Protein chains: 2
Amino acid sequence: MKLSNGVEWALHGCVTLSQSDSPVPAARLAELHGTPPAYMAKQLQALSRAGIVRSTPGQVGGYTLTRPASAITALEVVRAIDGTEPAYRCTEIRQQGPLGVPAEECTRPCAIARAMAAAQDAWARALAQISIADLATAIDADSGGSAMAGVRRWLTAGTPHNG
Amino acid sequence: MKLSNGVEWALHGCVTLSQSDSPVPAARLAELHGTPPAYMAKQLQALSRAGIVRSTPGQVGGYTLTRPASAITALEVVRAIDGTEPAYRCTEIRQQGPLGVPAEECTRPCAIARAMAAAQDAWARALAQISIADLATAIDADSGGSAMAGVRRWLTAGTPHNG
DNA sequence: GCCGCAGTACTCGGATATATATTGTCCGAGTGCGATAGG
DNA sequence: CCTATCGCACTCGGACAATATATATCCGAGTACTGCGGC
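All of these numbers come straight from a predicted model, not from anything done at the bench.

**Q** Tell me about the relation of the copies chain A and chain B, and name the residues and values.
**A** In the superposition of chain A on chain B (RMSD 0.0 Å, axial shift 0.0 Å), the rotation amounts to 180°. In symmetry terms, the pair is related by a two-fold rotation axis. Across chain A, the smallest distance between a C-alpha and the rotation axis is recorded for A:W123, namely 2.5 Å. When the interface residues of chain A are mapped onto chain B, 100% of them again lie at the interface, so the same face is used by both copies.

**Q** Can you explain the packing of aromatic side chains? Please cite residues and give values.
**A** Aromatic ring pairs: the centre-centre distance and the angle between the two ring planes describe each pair. Residues and elements named next belong to chain A. With the rule as written, the count across this model stands at two aromatic pairs over all chains. A centroid spacing of 5.3 Å and a plane angle of 90° characterise the contact between W9 and Y39, whose relative ring orientation is edge-to-face. Of this pair, W9 sits in helix α1 (residues 5-17) while Y39 sits in helix α3 (residues 37-49), and the two are 30 residues apart along the sequence. Of note, R28 hangs over the ring of W154, and the distance from its end group to the ring centre comes to 4.6 Å.

**Q** Before we move on, could you go through the protein's contact with DNA strand D and cite the residues and values that matter?
**A** If you check the shell around DNA strand D, you find 22 residues, and the closest are A:S4, B:R49, B:S55, B:G58 and B:Y63. At 2.6 Å from a phosphate oxygen of DNA strand D is found a side-chain nitrogen or oxygen belonging to A:S4. Here B:R49 contributes a side-chain N or O atom positioned 2.9 Å from a phosphate oxygen of DNA strand D. Of all the secondary-structure elements, those providing two or more residues to the surface near DNA strand D are α1 and α3 of chain A together with α3 (37-49) and β2 (62-65) of chain B. The leading source of residues in the surface near DNA strand D is α3(B), at four residues. Here the residues of the surface near DNA strand D are counted per class, giving eight nonpolar, ten polar and four charged.

Reading the values: the criteria
Residues numbered from 1 in each chain as written. Chains lettered and ligands numbered in written order. Predicted model: local features only at pLDDT ≥ 70, side-chain atom pairs only at ≥ 80, totals over all residues. Heavy atoms only, no water. Least-squares fit on C-alpha atoms with pLDDT ≥ 70 in both. Contact = heavy atoms within 4.5 Å. Phe/Tyr/Trp six-rings, centres within 6.5 Å; stacked < 30°, edge-to-face > 60°. Helix = DSSP H or I, 4+ residues; strand = E, 2+ residues; numbered from the N terminus. Lys NZ or Arg CZ within 6 Å of the ring centre and 35° of its normal. Near = heavy atom within 4 Å. Polar contact = N/O pair within 3.5 Å; in protein donor to acceptor, adjacent residues only side chain to side chain. Nonpolar A, V, L, I, M, F, W, Y, C, P; charged D, E, K, R; others polar.

Quick look at the structure:
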């Protein structure tokens, strides 16, 4: 069970976007985080399809959060990048083999699938309780309260029409 | 985040093994579940390395659970097949880029990594609460109490020296 | 001085190669049972 | 009839291909700013 690396970049990217009102280009986010620019752009496109960020074309375009950071959960970001399919996919092997139960009796999911789904729900609930704003606050606290201010300064310093 | 298909086979296999005192060959388990024999054997080898099952060589050999089914958790089986590494691996991108924080200040994990780890813990706890015996009981209940008896009958019927 | 227009530079978006992990398969090493020969 | 020995069939175990997924990249479509010409 490996989560895509893009999830990490998307989460950090959302935290960064939460510090800017003006659009931030994908290339700039990639520069800030030290990631391949084209691949970071790919993740942002996925976030755009999921409705988490809005893309602004044009010369001073870029990406912006569609909602306040406190209204975006980590679960949404993870699902946008990694997909919504559950980690455990039951292939109904109980219907296979010499003792396979007929499909008509399989009215409810397999007990094993139910257990795995319950675990996944617990995981999702934990992520749903955390917002991008929470993450930004936590990161800021870890650095003594200077990290987010530094991000804001760097973002504005890099946009010539703003600084 | 996709979980290996072998997890499903391993879980079903452990439930089946819990119904037999004598060793069950991998090929027989594969036949019962309708899976590729060689690949099912691969999963059982992983379970053996993890100490969940014990392999018995020889003509009437096979695999047996090392402990009562009530003492084997679903988490152990999943970890044996899928590995113990967490789904989210922090690559410390906070140390990258122009605003990278020096490594000496990274005394505790990144806030995002902490959030993801907490979610993974919730997932693990949910799986740790479920034993192979619980799964067997649930599967049996789904079939009106006949499934496990059928498995036991099929296992003994297939072993010529027992039936 | 003000307005309309073309040019340009920048942005995103999807289609395209490469690397890696998973899936699936095979053959060799080892072990216990069973038949057999001897006492 | 009992026992030791040999052969064999069956088992697991790890090493080896084929496939699917994730990773990384590139080029084309579209849009807002900028400079220029006309009014």
